[in-house]
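Each chain, written out:
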Amino acid sequence: MSGVMGCSYLTRMYSALPGNLTVQSTAARSSSFLDMAAKASRDIGDALDVNGQPAVYETAETSQVNAYLEHLKQKYGRVTIESVGKDQASLERAGRRMCGNDVVIAPNILKEMASDPKKAAYYEQEIDRFFTDIIPKGKAFAASIGLTFEPCGVVVHEDGTVTYICGGGDSPERVAEVNRINAEKARKRAEQRRQYQEQAAAAAAQRRSVFEHTAETAARETAFSSLNELLITRMASAPAATPEAPFPAEAGLFFLNP
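In short, a report on the structure. (Residues numbered from 1 in each chain as written. Predicted model: local features only at pLDDT ≥ 70, side-chain atom pairs only at ≥ 80, totals over all residues. Heavy atoms only, no water.)

Re the overall build of the chain
Assigned secondary structure in the chain consists of 6 helices and 4 strands. Put simply, the chain runs from its N terminus to its C terminus through helices and strands in the order α-α-β-α-β-α-α-β-β-α. A separation threshold of at least 6 residues defines the contact pool for the chain, and within that pool the share at least 24 residues apart is 69%. (Helix = DSSP H or I, 4+ residues; strand = E, 2+ residues; numbered from the N terminus. Contact = heavy atoms within 4.5 Å.)

Observations concerning a nonpolar patch on the surface
A cluster of nonpolar side chains, contributed by Phe 141, Ile 145 and Leu 147, occupies part of the molecular surface with about 290 Å² of accessible area. Position of Phe 141 among the secondary structure elements: in helix 5 (residues 117-144). Given the relative accessible area of 56%, Phe 141 is considered exposed. (Patch = residues over 30% accessible without salt bridge, like charges linked within 9 Å, V, L, I, M, F, W, Y side chains within 5 Å. Areas by Shrake-Rupley, 256 points an atom, 1.4 Å probe, with all protein chains shown as cover. Salt bridge = Lys/Arg side-chain N within 4 Å of Asp/Glu carboxyl O. Buried < 20%, exposed > 50% of the residue type's maximum accessible area, 1.4 Å probe, protein only.)

Some thoughts on the packing of aromatic side chains
The geometry of an aromatic ring pair is captured by two quantities: the separation of the ring centres and the angle between the planes. Across all of its chains, the model carries 4 aromatic pairs by this definition. Considering the side-chain rings of Tyr 122 and Tyr 123, the 5.1 Å spacing of their centres and the 75° angle between planes classify their relative orientation as edge-to-face. Note on Phe 130 and Tyr 164: the rings are 5.4 Å apart at their centroids and 45° apart in plane angle, and the pair reads as tilted. With Phe 130 in helix 5 and Tyr 164 in strand 4 (residues 162-170), the pair connects residues that are 34 residues apart, well separated along the chain. Grouping aromatic residues by their ring pairs yields a cluster made of Tyr 76, Phe 130, Phe 131 and Tyr 164. (Phe/Tyr/Trp six-rings, centres within 6.5 Å; stacked < 30°, edge-to-face > 60°.)

Structural notes on the state of the cysteines
In protein structure, a disulfide is the covalent linkage between the sulfur atoms of two cysteines. Counted by the stated rule, this structure contains 0 disulfides. With no disulfide partner, Cys 166 has as its closest neighbouring cysteine sulfur the one in Cys 152, 6.5 Å distant. Judged by relative accessible area, which is 3%, Cys 166 ranks as buried. (Disulfide = S-S within 2.5 Å.)

The following block contains the structure:
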């Protein structure tokens, strides 16, 4: 069965047939099945093999089970005889194989239904409930909350409990809206990443500039320090100046005019 979000399942469990159950309105179904079983027995009783000798017949129990199974197939269409576990994984596997109107019955329950009209009526009533009650209510509820509802089928387990398996998901409109929202979120995340990358690149460039400036300043200071030491060395090794002899105080001064 296909679904927008895949096949999920919703289960509703019913206990096995109570011992004191009173079955109503089963006469028609029971007589119909008994008629089919009687006809199958008469047909088999008249059969001969190719040599004119009596054929090897099925047992009475097998014949009755097969006749009842044919009755179920005529009523429900798609009927599978299989034991399905009640755990989630088993139910999901069964649900993925279903097409909407599947009926799966454990072999031991089928035998009980074939031999006991009360049990047959009980389990058929629980199967009918899926089609007449669960599906209409499920569709209405899903529509009220904007979801789709897709029935899968009914499982009757070995212990007599009954599970209804249903699928569902978002409507096409909801899927489109969710896709739009997700696309918008993705766009915003991409924009944020771009901004973070630009900010990180700017911060890295600023750190690089500060580092280069610091290195250049340190180099200049080293050069100035070396130049200062050189100047101090040269001043320390320069020759001392010779002082001039003082003019005798007693000597007279005279001036010549050209």
